[in-house]
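Below, each chain spelled out in residue letters.
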Amino acid sequence: MQHFSDEKNQAGMRVLFMVAQMLVLSVVYIIVYTSFIATGYVIKEYDMSQMMVVPVLFVMVAFPVLLYRYRQMFNAGKMLGAFMWMMATASLAIVLLYVYVAQLMVW
């Protein structure tokens, strides 16, 4: 009879969670990049202030910090909660950036 080690399972789950975090970070940063391009276009085309880039910069800086906090939560044993928070903040960041860029185009 073979004995399974919980430590190996947890190490595997940590690796899977880190891979998921990298994928989510790349998707969010793709949206951040397109938001930078769109915001730069709006600033140039309509002679707006350079401060219009601040919300995009905020997402670019704050999202990796949140991912780090979720990794700490995951390592503390709250695995499902960390995954749910990661996916929820990623979708919220994407939607809010989309709404922000769409609002810029209306002005």
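I will try to describe carefully the structure that is included in this document. Residue indices follow the written sequence of each chain, beginning from 1 at its first position. Totals for whole chains, interfaces and linings use every residue, but because this is a predicted model, local features are given only for residues with pLDDT of at least 70 and side-chain atom pairs only at 80 or more, for both listing and counting. For side-chain calculations, the full set of non-hydrogen atoms in the structure is used, while hydrogens and water are omitted.

### Quick word on the nonpolar core
Here is step 1: Phe 17, Val 24, Val 28, Val 32, Val 59, Phe 63 and Met 86 are the most contacted members of the largest nonpolar core, which has 21 residues in total.
Here is step 2: Broken down by secondary-structure element, the contributors of at least two residues to this core are α1 (6–46), α2 (54–75) and α3 (79–106).
Here is step 3: In terms of residue count, the dominant contributor to this core is α3 (7 residues).
Here is step 4: By the convention used here, residues are in contact when the closest approach between their heavy atoms is within 4.5 Å. If we ignore the near neighbours within four places in the chain, the residues touching Phe 17 are Tyr 70, Arg 71, Phe 74, Ala 82, Phe 83 and Met 86. To qualify as a nonpolar core, a set must consist of buried Ala, Val, Leu, Ile, Met, Phe, Trp, Tyr and Cys residues joined through side-chain atoms within 4.5 Å. A 1.4 Å probe rolled over the protein chains alone gives each residue an accessible area, and that area as a share of the maximum for its type sets the label: buried under 20%, exposed over 50%, partly exposed in between. Secondary structure follows DSSP: runs of H or I at least 4 residues long count as helices, runs of E at least 2 residues long count as strands, and numbering of each begins at the N terminus.

### Here's the deal with the environment of Met 51
Here is step 1: Inspection of the secondary structure puts Met 51 in the loop between α1 and α2.
Here is step 2: Owing to a relative accessible area of 59%, Met 51 belongs among the exposed residues under this scheme.
Here is step 3: Placed 46 residues apart in sequence, Met 51 and Leu 97 show a C-alpha to C-alpha distance of 15 Å.

### What about the environment of Met 79?
Here is step 1: Assignment of secondary structure puts Met 79 in helix α3.
Here is step 2: Between the C-alpha atom of Met 79 and that of Leu 92, which follows or precedes it by 13 residues, the distance is 20 Å.
Here is step 3: The contacts of Met 79, once residues within four sequence positions are left out, are Gln 10 and Phe 74.

### Focus on the packing of aromatic side chains
Here is step 1: Each Phe, Tyr or Trp ring, with Trp reduced to its six-membered ring, pairs with another whose centre is within 6.5 Å; inter-plane angles below 30 degrees give stacked pairs, above 60 give edge-to-face pairs, and intermediate values give tilted ones. Taken as a whole and judged by the stated rule, the model has 1 aromatic pair.
Here is step 2: Here the aromatic rings of Phe 17 and Phe 74 are separated by 4.2 Å at their centres, their planes lie at 5 degrees, and the arrangement is stacked. With a gap of 57 residues between them, Phe 17 in helix α1 and Phe 74 in helix α2 connect regions that are remote in the sequence.
Here is step 3: By relative accessible area, Phe 17 is classed as buried at 3%.
Here is step 4: Taking relative accessible area as the criterion, Phe 74 reaches 4% and is therefore assigned buried.

### Topic: the side chain of Gln 21
Here is step 1: Here Gln 21 is to be found in helix α1.
Here is step 2: The class of Gln 21 is buried, set by a relative accessible area of 4%.
Here is step 3: Non-local contacts of Gln 21, meaning those with residues more than four positions away in its chain, are made with Leu 67, Tyr 70, Arg 71 and Met 86.

### Considerations on α3
Here is step 1: Helix span, expected: 1.5 Å multiplied by one less than the number of residues in the helix. Taking 1.5 Å as the rise per residue, α3 with 28 residues should run 40 Å; its terminal C-alpha atoms sit 41 Å apart, in good agreement.
Here is step 2: Those residues of α3 lying buried are Ala 82, Met 86, Thr 89, Ala 90, Ala 93, Leu 97, Tyr 100, Val 101 and Leu 104.

As far as function goes, none of this settles anything; it's purely spatial.
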